[in-house]
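# Report on the structure
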Amino acid sequence: MSNYNEPNKTGRFGQFGGMYVSETLMPLLIELDQAYSKIKKDKNFQKELKDLFNNYVGRPSPLFHAANISKYLNGPKVYFKRDELNHTGAHKINNCLGQILLAKKMGKTRIIAETGAGQHGVATATVCALFGLECHIYMGSKDIIRQKPNVFRMKLLGANIIPVESGSKSLKDAMNEALRDWIKNVRDTFYIIGSTAGPHPYPKMVRDFQSIIGIEARAQILVQEKKLPDFLIACVGGGSNAMGLFYPFLNDKKVSIIGVEAAGKGAKTNETAATMTSGTPGILHGSYSYVLQDSDGQIKEAHSISAGLDYPGVGPEHSHLKKSQRAKYFGITDKEALKAFQLCSKLEGIIPALEPSHALAYLFKAFKNKHKNKVVILNLCGRGDKDLFTAAKELGFDTDE
Ligand SMILES: Cc1ncc(COP(=O)(O)O)c(C=O)c1O
């Protein structure tokens, strides 16, 4: 496993990360950090998680040679890491299973979570159903409208959805409310954060649970290509699917690492979610990292067509990878993502979620007629079912026909 980027004791990756929280939350985070450090080494915990990954999620997810896209590009040989085939349709379940096992071992009985695209909410509601725990999901009212299928899924799974009306009514505001809930219900509640964001130990813990993606991809490419890939590409919201893929390759200096953010209507406009391309370092949700902020340090509202990338912050490890130049980050607009969403569907028979459509759009843009004889692994971290209504509306397709 990579040792490139272990955070220090207070959870800092280089200058980024930390625990910027109220005094009430501090003991909870320390308790969580200690419990996680102990449990992750426990053989029974590892065995239980592996069994769930294999038999509940359907891991390992395949590494698929996207031959049609490779041919279309006339460039590199492209592989998809197919985490969209996981139970519940995205990578989020990997992390939720790890955290719910931890919650059980810590004796917590009430689970809370925030969600944007609804994928993390669905994954949390799913693991709560599996383990019989009470589940409350905070979700911005704007996201409740644009991610309708996932809202119904969460309800079927027995979760209580709490609509959030503050701010931009999306992921950032949902996370604010979830943190408030945690402060009020310290004793019995476990907060399952859905990305590599938030205060220490979440960025490290979520990355560790998601790194199964990169561990598998590394082993699979060595069998299929007999060498490591030249490029890794993944979309970045809070950063969990990307860190999951990148982490096991961080010490392989010849592997180029590319994170793709949502630039919304353009990275230079006010309607963007491209935190690292357009933002500056600041504090959000207990962590020091790149954020979108105004000159008074007020967090700006983000915008992206994809609810899962519509977040004005990013996980601190990504900020460190950017600053240390181990990874590069680029922005892709809503329009470019929508085009890639259609192109991937037509060329490969795979309808991707709007989030990885950003990674695909970057691939189409930057690799056409370039990088021949190179190998790319792109993280196809979610399937498009949840986005059908949004895409149909944007593309002027009448779903009542
Ligand atoms: C399919 C999918 N991909 C990506 C993301 C972005 O999250 P992260 O950057 O943590 O992978 C989300 C968030 O909801 C998602 O649902």
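Below, the structure is looked at part by part. Everything quoted here is computed from the prediction, not taken from an experiment.

Reading the values: rules and limits
- In every chain, residue numbers begin from 1 and rise along the written sequence.
- Local features in this predicted model are restricted to residues of pLDDT 70 or higher, and side-chain atom pairs are both shown and tallied only at a pLDDT of 80 or more, whereas totals for entire chains, interfaces and linings draw on every residue.
- The side-chain numbers reported here are obtained from all heavy atoms of the structure, hydrogens and water having been left aside.
- Here, nonpolar core means buried Ala, Val, Leu, Ile, Met, Phe, Trp, Tyr and Cys residues that are tied together by side-chain atoms lying within 4.5 Å of each other.
- Partly exposed residues are those whose accessible area sits between 20% and 50% of the maximum for their type, while under 20% is buried and over 50% is exposed, using a 1.4 Å probe and protein chains only.
- In this text, helices come from DSSP runs of H or I with a minimum length of four residues, and strands from runs of E with a minimum of two, each type numbered from the N-terminal end.
- Segmentation into domains, and thus their bounds, comes from an automatic or database assignment.
- Contacts: residue pairs with any heavy atoms within 4.5 Å of one another.
- We treat two strands as partners when DSSP finds at least two bridges between them.
- Between the N-to-C directions of two axes lies an angle of 0 to 180 degrees, each axis being a line fitted to C-alpha atoms and, for a helix, fitted only over the stretch in contact.
- Take the number of residues in a helix, subtract one, and multiply by 1.5 Å to get its expected span.
- Note on terminology: near, applied to a residue and a molecule or strand, indicates that one of the residue's heavy atoms is within 4 Å of it.
- We call two N or O atoms a polar contact when they sit within 3.5 Å, provided that within protein one can donate a hydrogen and the other can accept it, with sequence-adjacent residues counted only if both atoms are side-chain atoms.
- All accessible-area figures derive from a Shrake-Rupley calculation using a 1.4 Å probe, and residue coverage is judged against the displayed protein chains alone.
- Only Phe, Tyr and Trp rings are paired, with Trp represented by its six-membered ring, and only when their centres lie within 6.5 Å; those with planes under 30 degrees apart are stacked, over 60 edge-to-face, the remainder tilted.
- Two conditions define a charge sitting above a ring: the NZ of Lys or the CZ of Arg must be within 6 Å of the ring centre, and it must be within 35 degrees of the ring normal.

If you look at the biggest cluster of nonpolar residues, it comprises 85 residues, and the most contacted ones within it are L97, L102, W182 and Y191. Of all the elements, helix α4 (residues 92-105) adds the most residues to this core, at 7 residues. Residue assignment places this core across two domains, with domain 1 (12-52 + 93-206) and domain 2 (58-89 + 211-394) each supplying three or more. Residues within four places of W182 in sequence aside, it is in contact with L25, L28, L29, I112, T189, F190, Y191 and Y202.

Here the focus is the environment of F231. One can find F231 in strand β9 (residues 231-235). Along the sequence, F231 and E6 sit 225 residues apart, while their C-alpha atoms lie 22 Å from each other. What F231 contacts, discounting residues up to four positions off in sequence, is S256, I258, F367, H371, K374, V375, V376 and I377.

Attention shifts here to the sheet that holds strand β6 (residues 134-140). The 4 strands are arranged β7-β6-β5-β8 in an open sheet whose pairing can be described as parallel. Across the chains shown, the open sheet's two edge strands, defined by having one partner strand only, are β7 (160-164) and β8 (189-191). Going across the sheet, the axis of each strand differs from the next one's by a mean of 25°, ignoring polarity. Seen against the sheet, helix α5 (residues 119-131) touches β5 (110-115) and β6 and runs at an angle of roughly 165° to β5.

Contact geometry for helix α9 (residues 202-210) and helix α10 (residues 212-224): axes closest at 5 Å, N-to-C directions at 35°. Residues D208, F209 and Q210 of α9 touch α10, and the partners they reach there are I212, I213 and G214.

Okay, α5 next. When the terminal C-alpha atoms of α5 are compared, their 18 Å separation across 13 residues agrees well with the 18 Å that a helix rising 1.5 Å per residue should span. Among the 13 residues that make up α5, 11 are buried, leaving the element largely enclosed by the rest of the structure. Elements that come into contact with the buried residues of α5 comprise α2 (43-57), α4, β5, β6 and α7 (148-156). At the C-terminal side of α5, G132 shows a positive phi close to 65°.

In the vicinity of the ligand lie 17 residues, with S195, G237, G239, S240 and N241 positioned nearest. In the model, an oxygen atom of the ligand is placed 2.9 Å from a nitrogen or oxygen of the H91 side chain. Between G238 and the ligand, the recorded distance is 3.2 Å, taken from a backbone N or O atom to an oxygen atom. Relative to its unbound accessible surface of 390 Å², the ligand loses 97% to contact with the protein. Both of domain 1 (12-52 + 93-206) and domain 2 (58-89 + 211-394) provide at least three residues apiece to the shell around the ligand.

Moving on: the side chain of D83. One can find D83 in the loop between β4 (77-81) and α4. Judged by relative accessible area, which is 0%, D83 ranks as buried. Other than its neighbours up to four places away in sequence, D83 contacts R59, S61, G89, A90, H91, N94, I213, N379, L380 and C381.

What follows concerns the sheet that holds β4. The strand order β3-β4-β14-β9-β10-β13 describes an open sheet built from 6 strands, whose pairing is mixed. Where the open sheet ends on each side, the last strands, each with one partner, are β3 (63-65) and β13 (327-333). Strand-to-strand twist in this sheet, taken as the mean axis angle between neighbours without regard to direction, amounts to 25°. The sheet contact formed by β9 and strand β14 (residues 375-379) spans 3 bridges and is parallel. Following the sheet pairing, I233 is matched in β14 by L378. Strand contacts of helix α14 (residues 334-348): β3, β4, β10 (256-264) and β13, with the helix running at about 95° to β13, the strand carrying the most contacts.

What follows concerns the packing of aromatic side chains. Applying the stated criterion to the full structure yields 12 aromatic pairs. Ring geometry for Y72 and F364: centres 5.7 Å apart, planes at 90°, overall edge-to-face. Within this pair, whereas Y72 is found in helix α3 (residues 67-73), its partner F364 is found in helix α15 (residues 354-366), the two being separated by 292 residues in sequence. Judged by centre distance (6.2 Å) and plane angle (55°), the rings of Y191 and Y202 are tilted. Of the two residues, Y191 sits in strand β8 while Y202 sits in helix α9, which places them 11 residues apart along the sequence. In this pair, the class of Y191 matches that of Y202, namely buried. Aromatic ring contacts, followed pair by pair, group F231, F330, Y362 and F367 into a single cluster. Of note, R207 hangs over the ring of Y247, and the distance from its end group to the ring centre comes to 3.7 Å. Directly above the ring of Y290 sits K322, whose terminal nitrogen or CZ lies 5.4 Å from the centroid.

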